[in-house]
Amino acid sequence: LGVARDITARLAAERSVRESEARLALAVESSALALFDWDLQSNLVHLGKEWQQLLGGEAIATVTPIQKLEQLVHPDDLPALRSQLRKLIKGETESYRIEHRVRGLDGQWKWIESVAKVSGRDAAGRAVRVTGTNAGVSERKAIAVMKNTFIASVSHQLRTPLTGIVTSLDLLQDGSAGELPEQAREFVNIAAGNSERLQALI
């Protein structure tokens, strides 16, 4: 009877694990995140099929040495990525989140956001497994660049004529155009104050 209970409990635990894995797989698939699992002992990285899609290829799960993956990273971004990995493996950080570029299958640079944490350590506490996700963020990066360019352009286009307006109002306040009637002087003062606030805002 005790053996039967043990078997039943083990089967229930295995079923629970399978259900959890199925839910995780569904969540990853619906989010378009590319799951990766890095075995530090073999230095092989198991990549979900979404990784090839991020690079512009077909949805195929792959296994790749970590060195080959590093070769895809933009040279300017590689030092920061390696630094984050070192801190993670040494236990200096619990996880990392970093944006960097990788070369796609078409030869173009693509921005990705990589998030990972140590998911396994040996008896001595050394990291033996790192698990995480990669997400394509090129579109978000492009939008951010467009937004910054737009803001800079609008700021410049507004600042130039506004400077002339502020200067003209200053001259009117100083009496360069002659003595103004009291009501006109009030209007000029209001306009000057509003112009200065607008200039500060820009």
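About the criteria used
- Sequence order as written defines residue numbering, which begins from 1 separately in each chain.
- In keeping with the model being predicted, local features are shown solely for residues with a pLDDT of at least 70 and side-chain atom pairs are shown and tallied solely at 80 or more, while totals for entire chains, interfaces and linings include all residues.
- Side-chain calculation: all heavy atoms of the structure are included, whereas hydrogens and water are not.
- A run of H or I in DSSP becomes a helix once it reaches four residues, and a run of E becomes a strand once it reaches two; helices and strands are each numbered from the N terminus.
- Expected helix span is computed as 1.5 Å times (number of residues minus one).
- Exposure categories follow from relative accessible area, calculated using a 1.4 Å probe and restricted to protein chains: below 20% of the type maximum is buried, above 50% is exposed, and the middle band is partly exposed.
- Taking the helix axis as origin, the arc is that swept by the directions to the C-beta atoms.
- Pairs of residues are marked as contacts when any of their non-hydrogen atoms sit within 4.5 Å.
- Two strands make a pair as long as DSSP finds a minimum of two bridges between them.

### Describing helix α4 (residues 78-90)
Here is step 1 of the chain: In a regular helix each residue adds 1.5 Å, so 13 residues correspond to 18 Å; α4 covers 18 Å between its end C-alpha atoms and thus fits that length.
Here is step 2 of the chain: Leu78, Leu81, Leu85 and Leu88 are the residues of α4 that are buried. Down the axis of α4, the buried side of the element spans an arc of 95°, and every buried residue falls inside it. Turned more than 90 degrees off the buried face of α4, the exposed positions are Pro79 and Lys90.
Here is step 3 of the chain: Buried positions along α4 lie against β1 (34-39), α3 (66-72), β4 (95-103), β5 (109-121) and β6 (127-136).

### Quick word on the pairing of β5
Here is step 1 of the chain: Note: β4 against β5, 9 bridges, orientation antiparallel. Bridge pairing in β5 places Tyr96 opposite Ala116.
Here is step 2 of the chain: Counting the residues between successive antiparallel strands, the hairpin from β4 to β5 contains 5 residues, one of them, Gly107, with a positive phi of roughly 90°.
Here is step 3 of the chain: Looking at chain direction, β5 and β6 are connected through 9 bridges and run antiparallel. Bridging from a neighbouring strand, Ser114 pairs with Asn134 of β6.
Here is step 4 of the chain: Where β5 hands over to β6, the hairpin turn is made up of 5 residues, of which Gly125 adopts a positive phi near 90°.

So, to be careful, I would describe these as geometric facts and stop short of saying anything about function.
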